[in-house]
Each structure stands twice: as C-alpha cells, then as structure tokens.
Amino acid sequence: MDGFGTGHLVYLLNGLLWTVVLSVLALLLGGIAGFGVMLARISQRRWLRRVSMGYVQIVQGTPLLIQMFLMYFGLGVAGVQVPALLAAALAMMIYSSAYLGEIWRGCVQSIGKTQFEAAETLALTRWQSLIDVILPQAARIATPPTVGFVVQLVKNTSLASVVGFLELTRSAQVINNSLFQPFLVFGIAAALYFAVCYPLSLWSRTLERKLNAGRRQA
Amino acid sequence: MQYEFNFAALAPYWGSFLSGAWVTIQLTVASVALGMVIGVLCAIARRSAFRSLRTAAGIYIETVRNTPFIVQIFFIFFGLSSVGLRMPILWAAIFALVINVGAYTAEIVRAGMDAIPHGQIEAAEALGLTKFQIYRDIIIMPAIEKVYPALTSQFVLMMLTTSIASQISAEELTGVANNIQSNTFRSFETYIVVGLLYIGITFLMRAAFWGIGQIAFPRRRKLGEA
C-alpha cells in the first residue's frame, strides 16, 4: 500500500480550487438574491414582507444538506440535467440569500428611522434615500458580519460533496477510500480549509474592532 | 414540467420518518447539554490567568470554528475506527457534535462573560462570596442570560447540522430520508416531507428554549426583556 504522495496532495489542492470557485459563485449569486431578500424584508408592502419572512423561515429552518438534495433531485425532476456544480451553486445561493438578507436587514434597520425621515424631508424618493443615505452607512456596519458569514459559506461548500461535486471534501473522501488513512487525509483537508477560513475570521474580527473603535469606552 | 407528485408512495413510511425525527431530537438534546458544559468550561479556560490554558482553549476553538463539520465527523469516525476504536454510530455522531458545538458555545459564552462589568465581581468579593459562588451567580449565569438569544440560534443551527451525521450512516431524519428515497424513487417528495419535519423541529426547539429561558431567568421575565 502506497503512502500519501505528491499526487494526492495535488488532487486535494485541485479540490480546494473547486471549493473556492463554488464559494465565490455562492457569494455572488447569494449576495444578489440576498440583496433582494433584504429589500423585500424592509418593503412598505406588507405582503412582500410576509412572503420574504416565510422564505427566510423556511430556508433557515431546514438543513443545507436537504436543500442540496432538493435542488439536485428537484432539477432532475423538472427534466433539467444539471452538472453537480450548478446544482450545488443554486442550493448555496438559496441558503446564503436567506442568511445574508437577514444580516443586511439588521444593518439597514440599525441605521435609524430618523435618517429615512431626514431623507424624506429633503424630498428624496425612497430609492434615492436608500441608495444615497442608508446603504452607504449600512455597508460599513455590514462588512464584518458579511465576512464572518463568508467563513460559514466556505465551510458549507463541503456539503456539495454529497451530490458528487468534486470539491475538497469529496477529493479527501476519494483519496481516503483508496489509502484508508483517515487521520492524515482528513487532517490535511481540515488544514486546507483552515488556511482559507482562518484569515477571513481574523479579518472579520479586525474589521469589527475598527468599527467599534469609536464607540468603545476608555 | 411533466412531473406528477406522488406523496402517497411515502405513506407506508410515516413510522420511519417519525423515528428519524426522534433520533434527530435525541442527538440534539444530548449535544446541546454536553456542548453547553464544554462551552462554559472552555470559556472559563479562555479567560484563565494561565497562559497555557488560554492558548489550548484558543487553539481548540479556532480549529473547530474554521473547519467544516463534515470533515470533523469523518476525521473522528473513520479516524477512530482506523486505530481500532469502534464505537456505535450514534455515539460517534454525538461525540463529533459536542466537540463542534462546544467551540461555538465557548465563543458566545465568553462574549457574555466579557460583558460582565468588573465592578460586579469586585462587589461580590467584597460581600465575601466564594470563588465558586462568584463564578456561578455573578459570571456564568448572568453571562448566559445576556447571550441567551445567540445561544438559541446556535443550537438551532446545530440541530440542522445533525443532518450531516447521515453521512456516517446514522439513522436520523436525513439518513432515514436517504433510505426511503432509494426504496421509493420518490426523492423529491421525500426531501420535501423531511424539510417540513425539520421546520417543525426548529419551531419546537425555539419554543422549548423560550420556555427554558422563562424558567431559568426570572429576572429577565420581570424586566420584560424576554
């Protein structure tokens, strides 16, 4: 039985590459959809608030694993044969849209009604006040928790392995099936995830500290 | 879209669905209880006067928080069995879940502890409370009270995470679903039913934690913050 060699490491690094690709896709798609969720959650139309609230409750009340299966089998049912990457990216989009939407809604609502009112007295439309007054302020508050969520996102791409997408976790499984050295193989996989996630965690923490610098008591 | 939904095919399996949900609830309760203990201990270690203890707790917390649970559970389950340590699947699942949720709990509880004003601890010392009493009544309980909503969300997330135990073939809700869909070929319907069951468990859990909060933190109830 051969030990863990360079070839295996290259295979794992290739898996890591796809983990990063899926994370970026999920963040982009989920960010766009999450922005929509945030808008719907603060909408002036009650039905839109209700519907988006229900959407968030459903997504946040079910495991991502189930969402992966539903997307994978669901698209198959609809007669669309999609590659595993697309099914995984769509499931991750739905998942992250609910969480990002809620994070951003919290940030927008923390800006304070008076800002909206002030914008209104200046005769700005709701869109103008949102884009020129509220969002620039909210973005500053939203950055640290968003980066924090990206860490969750990167970790959760590991669940794409269950629909057969060959990212880092799946690659580790494949190698382990032939070598059966689980401590070594999954240990290296964990170290690779750590190498991506830990800097992001630190960055999120630094951003948060900077943001709170003004508010901290002596 | 030509698909015809057929939920009737799943009807004979309602008992399996329920037993899967029950296992999920058991996994959750065990992991929350043990994870809470580990979490509080690690939060105390993280604030300890001993540097080595602080570092050890920090390494544990950061390692767990920055790697995916599925890799952790594979590492533990396949790893332990590769060195000849075979344990029942559910035990391995609980073990992995506790290690995972303990780290998240530790960070949340520590944030609560850091928010306790130092003057309160000094006041307790001045009143002659013992170190144990200070920890229990002045630091730990008020800290948990402060971060209770965050803890609740974290534990709900953990309940959803138990689904990953299906990947080491634990017979919890998702594992049961995987079996049923391979028997009935009704995968889409199966996962819809299971998704609804998870939503049900989420609501149950939120209600349970609300109830526990009402009992455990009477002051919060009196202040009307709950």
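See above for the structure.
Fair warning: this is a prediction, and the values are worked out from it, not measured in the lab.

Asks: Got a minute to help me understand the overall build of chain B in this structure?
Replies: Broken down by element type, chain B carries nine helices and zero strands. Ordered by position in the sequence, the α and β elements of chain B form the string α-α-α-α-α-α-α-α-α. Projected onto the principal axes, the alpha-carbon positions of chain B cover approximately 75 × 50 × 30 Å. Residue pairs at least 24 apart in sequence account for 76% of intrachain contacts in chain B once pairs closer than 6 positions are excluded.

Asks: What exactly am I supposed to notice about the interface of chain B and chain A here?
Replies: How large an interface is tends to be reported as the accessible area lost when its parts come together. The interface is formed by 38 residues belonging to chain B together with 37 residues belonging to chain A. Interface of chain B and chain A: buried area, both sides summed, is about 3,200 Å²; carbon and sulfur atoms make up 76% of it. Of all residues in chain B, Asn66(B), Phe75(B) and Tyr191(B) bury the most surface against chain A, accounting for 19% of the area lost on that side. Residue Arg205(A) is joined to Glu62(B) by a salt bridge in which the shortest nitrogen-to-oxygen separation is 3.1 Å. At the boundary of chain B with chain A, the tally comes to six residue pairs in polar contact (both at pLDDT 80 or more). Going through the elements one at a time, helix H2 (51–65), helix H3 (69–82), helix H6 (131–161), helix H7 (173–184) and helix H8 (187–216) of chain B are the ones with two or more residues in the side of chain B that touches chain A. Considering every element that reaches the side of chain B that touches chain A, the biggest residue donor is H8(B), with 10 residues. Across the side of chain B that touches chain A, the residue classes tally to 21 nonpolar, 15 polar and two charged.

Asks: How should helix H8 (residues 182–212) of chain A be read in this particular structure?
Replies: What sets the pattern is the α-helix's 3.6 residues per turn: residues three or four places apart point alike. For H8(A), with 31 residues, the first-to-last C-alpha span of 43 Å sits near the 45 Å given by 1.5 Å per residue. In the structure, H8(A) departs most strongly from a straight axis at Ala195(A), where the bend amounts to approximately 30 degrees and where the proline Pro199(A) lies between one and four residues downstream.

Asks: I would appreciate a short explanation of the packing of helix H1 (residues 14–46) of chain B against H2(B) in the present structure.
Replies: Packed helices, taken two at a time, are described by the angle between their axes plus the distance between the axes. Residue and element names in this part refer to chain B. At a minimum axis distance of 7 Å, the contact between H1 and H2 shows a crossing angle of 135 degrees. Relative to H2, the element H1 is oriented oblique. Relative to H2, H1 is oriented so that their crossing is left-handed. When H1 is examined against H2, the residues Ile38, Cys42, Ala45 and Arg46 are found in contact with a partner set consisting of Leu53, Arg54, Ala57, Gly58, Tyr60 and Ile61. Across the contact of H1 with H2, the residue classes tally to seven nonpolar, one polar and two charged.

Asks: Explain the nonpolar core to me, please; I cannot follow it from the model alone.
Replies: Within soluble globular proteins, side chains that are nonpolar tend to cluster in buried spots. The biggest cluster of nonpolar side chains holds 115 residues, and the ones touching the most others in it are Met68(A), Ile73(B), Ile144(B), Leu151(B) and Phe155(B). At 14 residues, H6(B) tops the list of elements feeding residues into this core. Beyond its immediate stretch of four places on either side in the chain, Met68(A) contacts Ala88(A), Ala91(A), Met92(A), Leu159(A), Ala160(A), Val162(A) and Val163(A).

Procedures and definitions
- Residues numbered from 1 in each chain as written.
- Chains lettered and ligands numbered in written order.
- Predicted model: local features only at pLDDT ≥ 70, side-chain atom pairs only at ≥ 80, totals over all residues.
- Heavy atoms only, no water.
- Helix = DSSP H or I, 4+ residues; strand = E, 2+ residues; numbered from the N terminus.
- Contact = heavy atoms within 4.5 Å.
- Buried area = accessible area lost by both parts, 1.4 Å probe.
- Salt bridge = Lys/Arg side-chain N within 4 Å of Asp/Glu carboxyl O.
- Polar contact = N/O pair within 3.5 Å; in protein donor to acceptor, adjacent residues only side chain to side chain.
- Nonpolar A, V, L, I, M, F, W, Y, C, P; charged D, E, K, R; others polar.
- Expected span 1.5 Å × (residues − 1).
- Bend = angle between axes of the 7 residues up to and from the residue.
- Axes fitted to C-alpha atoms, helices over the stretch in contact; angles between N-to-C directions.
- Parallel < 35°, antiparallel > 145°, perpendicular 65-115°, else oblique.
- Left-handed = near helix turned anticlockwise from the far one by under 90°.
- Core = buried A, V, L, I, M, F, W, Y, C linked by side-chain atoms within 4.5 Å.
- Buried < 20%, exposed > 50% of the residue type's maximum accessible area, 1.4 Å probe, protein only.

These results come straight from atomic positions and should not be treated as a statement about function.
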